[in-house]
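Residue-level structure breakdown
Each chain, written out:
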Amino acid sequence: LLDFRSVNRILAVVNTAEKDTLSLSDPLTKRILSVADAIGEFIEWWGFKHIHGRIWALLALSKEPLSQADVTRILGISRALASTAMRELQDHGLVTPTDSGRGAPWVAVVDIWPTIANVLREREWMLIERVRTALEGALDEASLADSDGGWDVDRLALLLQLTETAQRFLKMLMRIRFPKALNGLKEWMGVASGLLGSLKRRTR
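What counts as what
- Residues numbered from 1 in each chain as written.
- Predicted model: local features only at pLDDT ≥ 70, side-chain atom pairs only at ≥ 80, totals over all residues.
- Heavy atoms only, no water.
- Salt bridge = Lys/Arg side-chain N within 4 Å of Asp/Glu carboxyl O.
- Helix = DSSP H or I, 4+ residues; strand = E, 2+ residues; numbered from the N terminus.
- Buried < 20%, exposed > 50% of the residue type's maximum accessible area, 1.4 Å probe, protein only.
- pLDDT = per-residue confidence, 0-100.
- Contact = heavy atoms within 4.5 Å.
- Expected span 1.5 Å × (residues − 1).
- Bend = angle between axes of the 7 residues up to and from the residue.

1. Some remarks on the pattern of salt bridges
Evaluation of the coordinates by the stated rule reveals 5 salt bridges. Between Lys49 and Glu88 there is a salt bridge whose closest N-O contact spans 3.2 Å. Taken together, the residues Lys49 in the loop between helix 2 (27-43) and helix 3 (50-61) and Glu88 in helix 5 (residues 79-91) connect sequence positions 39 residues apart. Here Lys49 falls in the partly exposed class, since its relative accessible area comes to 44%. Across the pair Arg155 and Asp152 runs a salt bridge, and its minimum N-O distance is 3.9 Å.

2. Some details on the confidence of the model for the protein chain
On average, residues of the protein chain score 80 in pLDDT, and 75% of them are at 70 or above. Within the model, the stretch residues 10-22 combines pLDDT values under 50 with 9 contacts to residues more than four positions away or in other chains.

3. Looking at helix 6 (residues 113-144)
Its 32 residues place the ends of helix 6 44 Å apart at the C-alpha level, agreeing with the 46 Å of an ideal helix rising 1.5 Å per residue. The sharpest bend along helix 6 comes to roughly 35 degrees, located at Leu120. Considered for burial, the residues of helix 6 that qualify are Trp113, Thr115, Ile116, Ala117, Val119, Leu120, Glu124, Arg132, Leu135 and Leu139. Those residues of helix 6 that are buried lie in contact with helix 7 (153-175).

Here you go:
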């Protein structure tokens, strides 16, 4: 006779097989995997890895939490890659386990804007600040020089103004909190439009 643990193991194998059939052959699932792949390509632009986007999208679009084994199976990746990528995503605050138990399923943190804002702050802001500082230095030098040396100082000033405008826009952009559901999208768009209107008024 089979004991209780043996029955559970058999049921687990059967359920996994059913999951494999349903999750990987369903047409919508194939489309979802294409979405995950596209998000992976997009998220690389923000300084993450392709696999980060795929895993996050998979968890975000799943109705139920997924275990690391589920992610490995559905995406067709190794356990080592899944483990490393999910740990990195957790460090960024983009995924979280449902409990502290070993093997607990995972869910995506849909409010990803704070993480993106951090990337913008650490990368784009610093790049723009470097340009602004260089332009200010050149203008200071121009104000001390006896002649313009053949350089268009007015255009230099214009570039500085454009750079400062970009910084103001980026600063406002980092303050936006993306909605967690569709019913908050209209309000979010209103806030974004208001910020853009404020930016236009400042640059006039």
